Amino acid sequence: MSDLVPVVPPAVDPMPEPTELWASNRPELAALRYEAQRRIASPWAVLGAAIARALLTIPYTVRYRSNLHPEGTPLNLAIALVGRSGSGKSTAIRGAACAVVFDGEDVPAPAAARSGEGIATMLARMHTAKGEEPELVWSRPDHATWLHWDEVGQLGEQSARTGSTVLESIKSVTSGESIGGQNAKGDGVTIPGGNYRAVLTVAVQPGRAGPLLSDGAIAGGLSARFVWMLAEDPAAADAARPEAEQPPVHVPLSQWDRVRFVDALPVMDAAHEADTRAAHRGERDPISSRVLLNRAIIAIALASMAGRAVLTDEDWHLAGAVMAHSQSTLDTVHDALAAPDDSERERAQALDRRMREKMAKLRAAGEAFMDARRKLSGPQRVALNAALESGRFEKW
């Protein structure tokens, strides 16, 4: 046995700045930015839609292969388009289709599933003929589907129904696992793992992102599945609309002929190894468990938009800029969830007002401060303590 000790990468390299993506001179990125400016839309949302479209044009049999996973990983991805209602998420999808055109493309239209079982039936159904074995019939020859929810609240409502499996199915879909199933009567459909291509996009209002960022969603790995892209970008409001027209970039799909795997670059394998070792040491946040895999899948989408089926260092670098933007957007969503919404503020203000009115009446009646405090309700005493600590109320 060899006494040599393998070299262990100490840590994952930091992500590049998001601005580095748009500083690139790639024509496809210039076309995406043009469409964003032309439509006064967020370039990040247009890019997110373009990534979804690129992945849906890659054959479902193609996988990402790294040293840690030589069997390959499906190129499925979930994207959260973050912004208030009416912030242009649909515009971004249309803009992406006009900016980068894949020759001979047949990208499936975005569609919502009402349940976890519904996702399976969007991909295929069971055909049964008399005297024959049931046969799985795919909805599309490319085994592809684009799942889209216009409001994250819709997804939350679906998941809240008794027996709902939609959120668990999203986790399975992004991992390319088997989905669906049959009941006791044999009804239903089972989609075999690794035999389909799926992309999910969800329009997320920051203050309503709870279904994707609850404690259970984070611990269970749902949150880590998503790449977070701004659909509402303040910079878009100030960007001038272009005067000159820019034609779309046409991309061939022949580069995927006879391709089975997209191999990781050495820098990617090193990053995966360092990240996996950090996870075993308990140093990786659960919400970051798929950052590098998502980055690799995005790098493959960028390579495909450039007409290649082989990765370059620049693909990996630019994908890192996308993930840096994702992390920044996720932080913004976390902040929005932590902040009280309007109804909570109104309730707190009303409680504070009732507490002050009651304390004023008790003081006018000659009650000592501590006696008056004891006559408050529990919530009113909490409001009083908060007001005392902040200096907004004084004892008498």
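Residues numbered from 1 in each chain as written. Predicted model: local features only at pLDDT ≥ 70, side-chain atom pairs only at ≥ 80, totals over all residues. Heavy atoms only, no water.

A.B. asks: Report on the layout of surface pockets, specifying residues and quantitative values.
C.D. replies: Here the largest pocket is characterised by a volume of approximately 310 Å³. Contributing to the lining of the largest pocket are 15 residues, with His69, His272, Thr276, Ser289 and Leu293 lying nearest its centre. Put simply, the parts of the chain that give the lining of the largest pocket at least two residues each are helix H11 (266–280) and helix H12 (291–305). Class assignment of the residues belonging to the lining of the largest pocket gives a composition of four nonpolar, seven polar and four charged. (1 Å grid on protein atoms, 1.4 Å probe; cavity = no way out; pocket = protein on both sides within 12 Å on 5 of 7 lines; lining within 4 Å. Points joined across faces, edges and corners; volume = space filled by probe spheres on them. Helix = DSSP H or I, 4+ residues; strand = E, 2+ residues; numbered from the N terminus. Nonpolar A, V, L, I, M, F, W, Y, C, P; charged D, E, K, R; others polar.)

A.B. asks: Let's hear about helix H16 (residues 378–389): which residues, and what values?
C.D. replies: Compared with the 16 Å implied by 1.5 Å per residue over 12 residues, the 17 Å span of H16 between its first and last C-alpha is a close match. Among the residues making up H16, those that are buried are Gln380, Ala383, Leu384 and Ala387. Along the axis of H16, the buried residues cluster in a sector spanning 100°; they form a single face. Exposed positions of H16 whose direction lies more than 90 degrees from the buried face are Val382 and Glu389. Backbone geometry just downstream of H16 places glycine 391 in the positive-phi region, at approximately 80°. (Expected span 1.5 Å × (residues − 1). Buried < 20%, exposed > 50% of the residue type's maximum accessible area, 1.4 Å probe, protein only. Arc of directions from axis to C-beta.)

A.B. asks: Any chance you could break down the pattern of salt bridges for me, citing the residues and the numbers?
C.D. replies: A full pass over the atoms with the stated rule returns 19 salt bridges. With a shortest N-O distance of 2.8 Å, glutamate 35 and arginine 39 are connected by a salt bridge. Note that glutamate 35 and arginine 39 are positioned in helix H2 (residues 27–39) at a spacing of four residues, about one turn of the helix. The partly exposed category is assigned to arginine 39, whose relative accessible area is 26%. Between lysine 171 and glutamate 168 there is a salt bridge, with its nearest N and O atoms 3.4 Å apart. Remark: glutamate 168 and lysine 171 occur in helix H7 (residues 166–174); sequence separation between them is three residues, near one turn of the helix. Each of Arg26, Glu28, Arg308, Glu314 and Asp315 takes part in one network of salt bridges that share partners. (Salt bridge = Lys/Arg side-chain N within 4 Å of Asp/Glu carboxyl O.)

A.B. asks: Any chance you could break down the packing of H2 against helix H3 (residues 43–56) for me, citing the residues and the numbers?
C.D. replies: It is at 9 Å that the axes of H2 and H3 come closest, and there the two elements cross at 125°. What the angle tells us is that H2 and H3 run oblique. Here H2 and H3 pass one another in a crossing that is right-handed. On the side of H2, the interface is formed by Leu29, Leu32 and Ala36, while H3 contributes Pro43, Val46, Leu47 and Ala50. Broken down by class, the residue content of the contact of H2 with H3 amounts to seven nonpolar, no polar and no charged. (Axes fitted to C-alpha atoms, helices over the stretch in contact; angles between N-to-C directions. Parallel < 35°, antiparallel > 145°, perpendicular 65-115°, else oblique. Left-handed = near helix turned anticlockwise from the far one by under 90°. Contact = heavy atoms within 4.5 Å.)

A.B. asks: I'd like to hear about the packing of H11 against H12, residue by residue, with values.
C.D. replies: The relative placement of two packed helices is expressed as an angle between their axes plus a distance between the axes. For the pair H11 and H12, interaxial distance at closest approach is 10 Å and the crossing angle is 160°. By the angle between their directions, the pair H11 and H12 is classed as roughly antiparallel. When the axes of H11 and H12 are compared, the crossing they make is left-handed. Facing Met268, Ala271, His272 and Asp275 of H11, the residues of H12 in contact are Leu292, Leu293 and Ala296.

A.B. asks: Please provide a residue-by-residue account of the nonpolar core, values included.
C.D. replies: Nonpolar side chains tend to gather and get buried jointly when the protein is soluble and globular. With 65 residues, the main nonpolar core has Leu21, Leu32, Leu47, Ile51, Leu55, Ile298 and Met305 as its most contacted residues. Not counting the four nearest positions on each side in its chain, isoleucine 298 is found in contact with Ile51, Leu77, Val227, Ala319, Val322 and Met323. Core analysis: the next-biggest nonpolar cluster, separate from the first, contains 35 residues, Leu200, Ala217, Leu222 and Trp228 among them. (Core = buried A, V, L, I, M, F, W, Y, C linked by side-chain atoms within 4.5 Å.)

A.B. asks: Can you explain the sheet that holds strand E3 (residues 77–82)? Please cite residues and give values.
C.D. replies: Judged by pairing direction, the sheet is parallel, and its four strands sit side by side in the order E7-E10-E3-E11 without closing on themselves. Strand pairing shows two members of the sheet lacking a second neighbour, strand E7 (144–149) and strand E11 (226–230), which therefore form its edges. Taken pair by pair, the neighbouring strands of this sheet meet at an average axis angle of 20°, ignoring direction. Against the sheet, helix H6 (residues 152–160) makes contact with E7 and strand E10 (197–204), and its axis sits at roughly 110° relative to E10, the strand it touches most. (Pairing = 2+ DSSP bridges.)

In short, shape yes, function no, at least from these values alone.
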